[in-house]
Amino acid sequence: MSEQGRGEDAADPLLEVRELTVHHGQLRALDRISLRVFPGEVYAIIGANGAGKSTLLRTIAGLHHPTEGSILLDGQDVTRVRPERRATRGIVLVPEGRRLFGSLSVEENLQVGATYARKGPWTIERVYELFGWMRERRAQRTAQLSGGEQQSVAIGRALVANPRVLLLDELSLGLAPVVVQRIYGMLPQILATGLTVLLVEQDVSQALRVASHLQCLLEGHTTLEARPAEVTAEQVEAAYFGLNVRPGPAPAVGERSEPLWPGSTRSSRAS
Amino acid sequence: MAWVNAIIQGILTGGLYALFACGLSLMFGVMKVVNLAHGDLAVIGGYVAIGIITVTHLPVLWSIVVVVPLMAALGYVLQRTLIQASLDRSVLTTLIVTFGLSVVIENGLLQFFTANSRAIGTGNAIITSSFSLGSQIQIAYLLVVIFATAVIVLLGLQYFLSRSKYGRLIRAVADDKEAAQMCGADYRHVFGIAAAIAFGTVALAGIAYGMYSQLAPTTGTDTILLFAFAAVVIGGLGSLWGTLLGGVVLGVAQQIGAQINISYEVLAGYLVFLAVLVVRPEGLTARRARS
Amino acid sequence: MSVVTETTARSEEKFRVTRSRRNVAWTGGGALIVVVVLALFPYLVGAGVWTIMVQAFIVLTLASMWNLLAGYAGLVSVGQQAFVGLGAYFVLIIATDGLSPFAGLPLAAIGCGLAAVPLWWLLARLRTGYFAIATWVLATAILLIIERFPSIGGGTGEPMPGLSGFTPTLLTAYTYWIGLAVTVVALAAIYLLLRGRLGLVLTAIRDDETAARSSGARVGLARMLVFVVAAIGCGAAGGVLAISELQVQPTAVFTVQWTAEMAFATIIGGLGTIEGPILGTAVFILLQQTLQSYNAWYLISLGLVAIVVALFARRGLWGLIDEHLHVRLFPVGYWLWDPGSTGRRGVLGFGRRQGGQHS
């Protein structure tokens, strides 16, 4: 029941989500979701389609308004802050589907990302160093790049803003596995510069490989929350598909007094 | 030779029409707004210039220096308030609001300034005269100046959009405004900048037209808006130089029509516009068909 | 919990689907009474009122047509004056050939419908904003073409033949009655169209065009039909205009002011409902009568009110009334009654424009 690996400052999460409820019209996409991400972590959200993962990231980024709940960055409430202000405060999203500026070149995409950047180690030059191929092709229009290359540019565009929390939404979508692995392989270099990563991933095994902490969503509820080392594949599967799981709101962080299902190892969340 | 003269006149008036059109093209390209009050705003620019000249007796050039930034500021404010509010609701609302604005402006001008048309006196004899090439070709200096101005404005716009920070932001926001938000850009502010530029060019267009011809309350819709739109459609959206091409084609079509029968001038332009609409609705310079 | 759960739990109880909330017989009977009273107007009130009413009939017909276009088919036309003018000129041409303009009006309206088909072909592929200005350009082009024909008056206009045999009072009365007839037919036609299959297709298109298309709805055909119907309606109104003005003058019948009046009346009254234009026309006439001596002021105020309504009361005045009283004079939607609720509150209402933000 220890907090090892959760950052030096176990008491202060960098990003905190409290009881977040989000609706799409009449549909409740997220139901009182809570999570805490500590500095330097790779926090992975997994779950099937429609579980609410992307909605969660988009709401954290400010592109969607929650019905209830709050989002805190470094202890400060940013729930009402506009998305562009959230980006300049340090929450930067790499959206699902890349969403590059199609009529702009690679370099121009990065330049836009750097326009309102915070001070920090990441520059356009450094992004070129991270992705070796990019410097030569920097004048090319992004619509002409391959999927993996576009994903790299999208990540680069977010990096040059020098975020504190990097939100990665479904990096693997539409990409060949070897490409996905290569991109995830960059994570350590990214983390080394002091960033924290919160990612959403449909590919569970990939998520398990890179994450330092895991949360599984199902139909807007949290069904699992643990460190990868502490759970078995069966437990993850059970959480993913909702087997033996009672429907209903997940108990608030720190209040859980019993395992979610028989046989699981509790993750400790000393508050 | 009269035909050659007509074609040259048409090409030169194309510059004026391009000036009409580039603001409309910019606002549609960036914000997807069809500003039905576009022409009326040009007329306002012209009227304000007339007012300034009447009161201060300054030369026309000074009035341009005052009116263009003034209108640009108006554009920013109008975009951030009225137009953004309409955009947030729906495309229909934007059309209604800009149409309403057009009606209010025109009838307001009618009410306060009567239906009489006014011209912007240039005072400078050289500008109002023309020079000859051969025996049948007369070219007005003013028209050449206007054409040159249009080319300079388009060049300036192109440079601004491709090289400057805000130009990049404008293009980015036009591509994907949500993605721009994620990069920290407030797209409403960027829209405002684009609108300011559009309104600035529109003011210039109004003043140019006031010098070349006359301004009346209904000129905004009768002439400027419809010609601007025709130039944009013929030339193709998404290309500044396409706007110049469209203006030129429109101008030439009108002059050729006028050669056949003086009263066919405006109609000829519209017929060419309709033909382009049928055959190649994406415009002459577009690379691929628009849906 | 979700509605789905409730349904499965109470599958034995049936959901009721009705066309309206209250008894339509009331409003149907009421409408009939209104029409009869209006028809008797010339016997009841002075001639000055009739002229205002003719104005109202013209604007109401136009507004209803604009509402059909923009509120139900999503076609924002700033060029409907083309059909107003064409209707006026068709009546003129028919009357010049000897037929009474009153008898010629239906023919003129149908002529406008026929003219609308090739015009639709020009416009069909255009998106909203482009469509709007293109209709304006088209209307202007038609004006310029018509002015070329001196036989129908050229640029200055032509008096309407066939109207000189009547006394002024009788002429005004006949004009009034034909105006009333056109309006009643127009509203009835719109009501029946929207209540039928076309209404369903249009609502489907409005909600989700792609889904409607893949369900087999003939989207292009539906829109064209609406465009043609609107052309007929506007043409008929133009015919009434020509008769009431006793002459046809190109700049008067082809002016974009008609579109301004019909659009603003619709917006103020309420877009997307049949009752809206009625309310909007009332506001319009009120403004016009009050500000008549101030020339352009009534258009300025109409425009300003329309802007304010478009931004802040999206469903117009009728929308405000509907929201609070849930009244529908012309029921073209569906109400779904959940037997589990107290029955007073309908659960879902279709057939009217939801306040969508999607552009």
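This one's a predicted model, so the numbers in the text were calculated from it and none came from an experiment.

Within chain B, the secondary structure is distributed over 12 helices and 2 strands. Along chain B, from the amino end to the carboxyl end, the secondary structure elements read α-α-α-α-α-β-β-α-α-α-α-α-α-α. Here the C-alpha radius of gyration of chain B, 19 Å, is about what a compact globule of 291 residues would show, namely 19 Å. The buried share of chain B, taken over its 291 residues, is 56%. Sequence separation of 24 or more characterises 75% of the internal contacts of chain B that already satisfy a separation of 6 or more.

Glancing now at the overall build of chain A. Helices and strands together make up the secondary structure of chain A, namely 9 helices and 10 strands. Out of the 271 residues in chain A, the part that is buried amounts to 44%. When contacts within chain A are restricted to residue pairs at least 6 apart in sequence, long-range pairs at least 24 apart make up 71% of them.

Time to look at the confidence of the model for chain A. For residues with low pLDDT, the predicted coordinates do not support detailed interpretation. On average, chain A scores 85 in pLDDT, and the residues at 70 or more come to 86%. Ignoring residues within four places in sequence, the model shows residues 1–5 of chain A, a span with pLDDT below 50, making 6 contacts including any to other chains.

Time to look at the interface of chain C and chain B. Facing 35 residues of chain C, the contacting portion of chain B comprises 35 residues. Listing elements by their share of the side of chain C that touches chain B, those giving two or more residues are α6 (128–146), α12 (257–269) and α14 (297–312) of chain C. Each residue belonging to the side of chain C that touches chain B can be placed in one class, and the counts come to 25 nonpolar, 8 polar and 2 charged.

This part is about the sheet that holds strand β10 (residues 221–226) of chain A. Residue and element names in this part refer to chain A. The strand order across the open sheet built from 6 strands is β6-β7-β8-β3-β9-β10, with neighbouring strands paired in mixed fashion. Of all the strands in the sheet, just β6 (91–94) and β10 have a single pairing partner and so form its edges. Adjacent strand axes in the sheet meet at a mean angle of 20 degrees when their direction is disregarded. Against the sheet, helix α1 (residues 53–61) makes contact with β3 (42–47), β6, β7 (165–169), β8 (196–201) and β9 (213–218), and its axis sits at roughly 150 degrees relative to β7, the strand it touches most.

Moving on to the interface of chain B and chain A. Contact residues are listed per partner, giving 16 residues for chain B and 22 residues for chain A. Considering every element that reaches the side of chain B that touches chain A, the biggest residue donor is helix α7 (residues 165–175) of chain B, with 6 residues. By residue class, the composition of the side of chain B that touches chain A is 7 nonpolar, 2 polar and 7 charged.

All names here are of chain A. The phi dihedral of R99 is positive, around 55 degrees, even though this residue is not glycine. Assignment of secondary structure puts R99 in the loop between β6 and α3 (106–115). Given 19 C-beta atoms within a 10 Å radius, R99 is considered partly exposed. Of note in the backbone geometry, N162 takes a positive phi value of approximately 55 degrees without being a glycine. Locating N162 in the fold gives a position in the loop between α5 (147–159) and β7. Overall, N162 belongs to the buried group, with 22 C-beta atoms counted inside 10 Å.

Moving on, we come to the sheet that holds strand β1 (residues 15–24) of chain A. Reading across from one edge, β2-β1-β4-β5 (chain A) is the order of the 4 strands in this open sheet, with antiparallel pairing throughout. Only two strands of the sheet have a single neighbouring strand rather than two, namely β2 (27–37) and β5 (76–77) of chain A.

Once that is clear, we can look at the packing of helix α2 (residues 38–56) of chain B against helix α3 (residues 60–89) of chain B. Residues and elements named next belong to chain B. Axis separation between α2 and α3 bottoms out at 9 Å; the angle between their running directions is 135 degrees. What the angle tells us is that α2 and α3 run oblique. Between α2 and α3 the crossing geometry is right-handed. Mapping the contact onto sequence places G45, V48, A49, I52 and I53 in α2 and V60, S63, V66, V67 and M71 in α3. Taken together, the residues of the contact of α2 with α3 sort by class into 8 nonpolar, 2 polar and no charged.

Residues and elements named next belong to chain A. Burial of β8 is extensive: 6 of the 6 residues sit out of reach of the surface. As paired elements, β3 and β8 share 5 bridges and run parallel to each other. Along β8, the bridge assignment pairs A44 with L199.

Once that is clear, we can look at the pairing of strand β2 (residues 137–140) of chain B. Side-chain positions along a regular strand alternate between the two faces of the sheet. Residue and element names in this part refer to chain B. For strand β1 (residues 130–133) and β2, the ladder comprises 4 bridges, and the chain directions are antiparallel. Pairing of L133 across the sheet is with I137, part of β2. Connecting the antiparallel pair β1 and β2 is a turn made up of 3 residues, with G134 showing a positive phi of about 75 degrees.

It is worth spelling out the packing of helix α4 (residues 91–113) of chain B against α14 of chain C at this point. Direction vectors running N to C along α4 of chain B and α14 of chain C enclose 155 degrees, while the axes themselves pass 8 Å from each other. One way to sum up the angle between α4 of chain B and α14 of chain C is to call them roughly antiparallel. For the crossing formed where α4 of chain B meets α14 of chain C, the hand is left-handed. Contact residues: T93, I96, V97, G100, L101, V103, V104, N107, G108 and Q111 of chain B in α4 of chain B; W297, L299, I300, G303, L304, A306, I307, A310 and L311 of chain C in α14 of chain C.

Okay, the environment of E16 of chain A next. All names here are of chain A. With respect to the helices, strands and loops of the structure, E16 is situated in strand β1. Along the backbone, E16 and L72 are 56 residues apart, and their C-alpha atoms lie at a distance of 5.0 Å. Residue contacts for E16: discarding those within four places in its chain leaves R36 and L72.

A few words on the confidence of the model for chain B. Mean pLDDT over chain B: 90, with 96% of residues reaching 70 or higher. The ipTM value of the predicted complex is 0.90, and its pTM value is 0.86.

Attention now goes to the environment of A306 of chain C. Turning to its location among the elements, A306 of chain C is positioned in helix α14. Along the chain, A306 of chain C and G269 of chain C lie 37 residues apart, while their C-alpha atoms are 9.2 Å from each other. Residue contacts for A306 of chain C: discarding those within four places in its chain leaves I96 and G100 of chain B together with F264, I267 and I268 of chain C.

Scoring rules and cut-offs
The numbers attached to residues start from 1 for each chain and follow its sequence in the written order. The order in which chains are written sets their letters, starting at A; the order in which ligands are written sets their numbers, starting at 1. Restriction of local features to residues with pLDDT of at least 70 applies here, the model being predicted, together with a cutoff of 80 or more for giving and counting side-chain atom pairs; totals for whole chains, interfaces and linings are based on all residues. For helices the rule is a DSSP run of H or I covering at least 4 residues; for strands it is a run of E covering at least 2, with both sets numbered from the N terminus onward. A radius of gyration in this sense is built from C-alpha atoms; the matching globule rule multiplies 2.2 Å by the number of residues raised to 0.38. Partly exposed residues are those whose C-beta has more than 12 but fewer than 20 other C-beta atoms within 10 Å; with 20 or more the residue is buried, with 12 or fewer it is exposed, and the C-beta atoms are placed from the backbone. Two residues qualify as being in contact provided that their C-beta atoms, derived from the backbone, are within 7 Å of each other. Values of pLDDT, ranging from 0 to 100, describe the predictor's confidence in every residue of the model. Following the grouping adopted for this structure description, the nonpolar residues are Ala, Val, Leu, Ile, Met, Phe, Trp, Tyr, Cys and Pro, the charged ones are Asp, Glu, Lys and Arg, and the polar ones are all others, Gly among them. Note: two strands are recorded as paired if DSSP finds a minimum of 2 bridges between them. Every angle, taken between N-to-C directions, lies between 0 and 180 degrees, and every axis is a line fitted to C-alpha atoms, over only the stretch in contact when it is a helix. Relative orientations are named as follows: roughly parallel for angles under 35 degrees, roughly antiparallel for angles over 145 degrees, roughly perpendicular for angles from 65 to 115 degrees, and oblique for any other angle. The crossing is said to be left-handed when, going from far helix to near helix, the turn is anticlockwise and less than a right angle, and right-handed when the turn is clockwise.

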